[in-house]
Each structure stands twice: as C-alpha cells, then as structure tokens.
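Chain and residue survey
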Amino acid sequence: MSDNQDRWGIPGTYVFDLRLSRRGYAINKMCHSLRLAENRDLYLADEEAYMTRFGLDDEQKQAVRERDWLRLTQLGGNLFFFLKLGATLGHGLYPIGAQMRGESLEDFMKTRNVPGAT
Amino acid sequence: MAKIVAGIGSSHVPSIGRAYDQQKQTDPAWQPLFDGYEPVKRWLAEEVKADVVILVYNDHGTEFFLDRYPTFALGVADQYRVADEGYGRRPLPDFPGDADFSEHLANALVADEFDLTLCQEMELDHGFLTAMPLLWAHDEDQWPVKVVPLLTNVIQHPIPSGRRCYKLGQAIRRAVESYPEDLRVVVVGTGGLSHQLNGERFGWINEAWDREWLQRIQDEPEALADLSHKEVMTAAGAEGGEMIMWLTMRGAMAPQVREVHQFYYAPMTTGIGLLALEDDAGAQDAG
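Below or above, wherever it landed, is the structure these notes cover.

What counts, and where the lines are drawn
- Residues numbered from 1 in each chain as written.
- Chains lettered and ligands numbered in written order.
- Predicted model: local features only at pLDDT ≥ 70, side-chain atom pairs only at ≥ 80, totals over all residues.
- Contact = placed C-beta atoms within 7 Å.
- Helix = DSSP H or I, 4+ residues; strand = E, 2+ residues; numbered from the N terminus.
- Nonpolar A, V, L, I, M, F, W, Y, C, P; charged D, E, K, R; others polar.
- Pairing = 2+ DSSP bridges.
- Axes fitted to C-alpha atoms, helices over the stretch in contact; angles between N-to-C directions.
- Parallel < 35°, antiparallel > 145°, perpendicular 65-115°, else oblique.
- Left-handed = near helix turned anticlockwise from the far one by under 90°.

Section: the interface of chain A and chain B
With 38 residues of chain A at the contact, the number on the chain B side is 32 residues. Looking at which element gives the most residues to the side of chain A that touches chain B, the answer is helix α8 (residues 79-89) of chain A, with seven residues. Classifying every residue of the side of chain A that touches chain B by side-chain character gives 19 nonpolar, 14 polar and five charged.

So, the pairing of strand β3 (residues 72-75) of chain B
With three bridges joining them, β3 of chain B and strand β8 (residues 146-152) of chain B adopt antiparallel strand pairing. Bridge pairing in β8 of chain B places Phe-72 of chain B opposite Thr-152 of chain B.

Digging into the sheet that holds strand β7 (residues 123-124) of chain B
The sheet built from three strands is open, its strands ordered β5-β4-β7 (chain B) with mixed pairing. Of all strands in the sheet, those bounded by a partner on one side alone are β5 (95-96) and β7 of chain B.

Concerning the packing of helix α6 (residues 162-177) of chain B against helix α10 (residues 244-251) of chain B
The description of two helices packed together rests on the angle between their axes and the distance between the axes. Residue and element names in this part refer to chain B. Packing of α6 against α10 leaves a shortest axis separation of 6 Å and a crossing angle of 30°. Taken together, the axes of α6 and α10 lie roughly parallel to each other. Note that α6 runs across α10; the crossing there is right-handed. Contacts between α6 and α10 pair Gly-162, Cys-165, Tyr-166, Lys-167, Leu-168, Gly-169 and Gln-170 from the former with Ile-244, Met-245, Leu-247, Thr-248, Met-249, Arg-250 and Gly-251 from the latter. Class assignment for the residues of the contact of α6 with α10 results in seven nonpolar, five polar and two charged.

Quick notes on the sheet that holds strand β10 (residues 257-265) of chain B
Residues and elements named next belong to chain B. Ordered by their spatial adjacency, eight strands build an open sheet running β6-β3-β8-β2-β9-β1-β11-β10, and the pairing between neighbours is mixed. Looking along the sheet, the strands with just one partner apiece sit at the ends: β6 (117-119) and β10. Put simply, the sheet's adjacent strands are angled 20° from each other on average, direction ignored. Pairing analysis gives seven bridges linking strand β1 (residues 3-10) to strand β9 (residues 184-190), with the strands arranged parallel. Along β9, the bridge assignment pairs Ile-4 with Val-185. The strands touched by helix α3 (residues 99-111) within the sheet are β2 (52-57), β3, β6 and β8, with β3 carrying the most contacts at an inclination of about 150°. Strands in contact with α10 are β1, β2, β8 and β9; relative to β9, the strand with the most contacts, it is inclined by about 160°.

Set out below in structure tokens:
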C-alpha cells in the first residue's frame, strides 16, 4: 500500500487529495498545457525539453518516458490531466486503464459488459 | 416568477460524446444508450419547454487548473465556449447564457452564504457537454435553451460534502423562486454513477449500488447526503465520488418527487445513469 492508500484506506485507489496534488503538480501543470494544439506539437517535437520546462523530477520524467501510468498516478499525476498527454501520444483511456490494472488490453476488454461501446 | 420545472440526473462520459459525434446512434453497442435518453428528450421538448438550464458539473483539467481551484463556480456570462480537451473541439454550438438570471442567482446565493467563484468566461468540457445534446436537440449553431454552468470541485480533495451540495440545491430553489421573470428552469446534476479511473482498481463498477442510488435519491436524499466521501468512493469507485453533484439537483426539487423516467446502462467503465424528476404536486397539496 502506498502512503496515499494508507491515508484513505481504499485498496488499489489513489485519492487525489492535496498531498498527492502537491506531489504531482509539475506533471499536471504540464499535462494541462496540452489542451492547446500548439503545445501538443511542441511536446511531440521534443519531449525531454518539454518535461524539463515544466520542472518534472527524475522519477516523474522516467514514468512519462516509460508510459507507466500507474507510477505516474503514484507520483501525483491525475488521470483527468494526463489523459491530455495520452491524447497527445495516442494512448487512449482503455490501454491506460489496462496498464494500471496490470493486464493486457485484450484481457481488460474481456471484463467489460459491452466491449463494443468505445 | 421563475420556477423549477424538472430535475435531471445524468452521467457525463467522453465516449458518449464521441459516439454522438460519430453518429453511432444505431450502433448495437450504443443504441440502448441513445434510446434510453429519447423519452426524456421528448418530454423536455414537448412538455417541460425549459427556458434555462442550470447544469451542475465538474471540469476535467481543461478550463480550471490546480493553481487556484474553486469549490463552487458559477457562470455569469452571455456565452460559453465549447472547449478543446486535447482531441480537438467537439462539433457542438457554443452555449447562450442568461447573464441577468446568473447575476440574480449569484446575488441570492452569496446572500444565502454560498460564497461562489463567479466566472465571466468559462470554456466547457465533457462534464458539461455530454448530457446537453442527449437532452436537447440543437442545430449547427443554436441551442433551444440558455444555460448557467455551475462547477463543483470533485477532483481534488477536500471536496464539498454531499450535505453541502444538497443545501446548495435548496438555496438554488429559493433563488430561482425569487426571480421575477417567468422563466422555466431545469436543474441538471451530472456525474457518476459508479466508476474508477485510477490505480489497480481501474474499471470498478457497482451496478447494485447504482440502481439503489437511482431510487434512494428520490425517496431518501438526506440519507445519501450524510454519506462520507470514503463510503461513496469505496462503494462507487474513486471517481464515482462525483455523484454528490446529483444531490445539488435533488436539493433544488420538492421534498416529494415523481419519477418521469429512469435508465441505466453500464457497457464499459462507467455505470451510466439517467433520472428525470418533477415535483410531486399532489404530495405537496396533501402536505
């Protein structure tokens, strides 16, 4: 269990509270900037420079490089913000979710009631 | 005098917007959803005939950033733009506001001790957008209703209690009923139902909880208003915690309500709920 899970006591869940928000502020600020198309282009042109510009620390940069969404969540990234990074990179909600569950996308889709409704 | 003529609870899910924009209304996976909204859309057009919609929603990292995050924010403008959430702007018309009515709401609610952030500009993301075209027909550049967006912080804790949201709804009712113009007002509470989008528990849905919620919010909203965030999030998923925004809608309705329509569908990662309510006039007369 992470520190955040200990505080809230809900397994497999990272409640986005002020402590986690503070931890992930740089990630979320960077992701928020990607709502603008010109920033999405800048990001894709030089990911490292873009991350440095927003002050991500080494752990956060590594999680972004590895597209490790679970790690990014543990480091304070909020899904609503990093979905904009996903949109920039072409990673949709379902692959991101499957990765956080530790499953393949195919296995995750088998757990859904109507997998065609995407 | 203005009055509240309907209360709607509706989920907001980005994939519904995509399906709508891609015209998947008859796609087998999506048809149940669109068919489920149809009776309410018809009822709103033919009987309710609203002038203004107060829509309670949350932003998703689009218009509001964490540098200064309001707990409640009310739109007070004449126009609200459709936002780009990262995928490009949805092909929906911008929304007309009613600045005079908003100003009245702002004055009344602040006087009633709800200290809202007031917004002259507000771009709207799927939290606001999802329900609108499912409930009101629009053409290329026009909506048949004016809107008042009411944002609630449900993404960064501490978020307001369910009780606070319910009381805000009650204050909205008082504010609406003190507006001299004969406006027909619909309050829409969006969000939920059960879903979780973070962590190893991603994809959590609790259909039994959702169906109970659709009933209990009619019959015993006060009991739901007393639930803690941890209780709601444990049962309904972390992001399911946003269901408290339905309590704002419910608080704006009479103590006794009549169900006009109820619909539930949980195809992928969210329990999608729709509930249409009106005041139970008979019960009020009897009381």
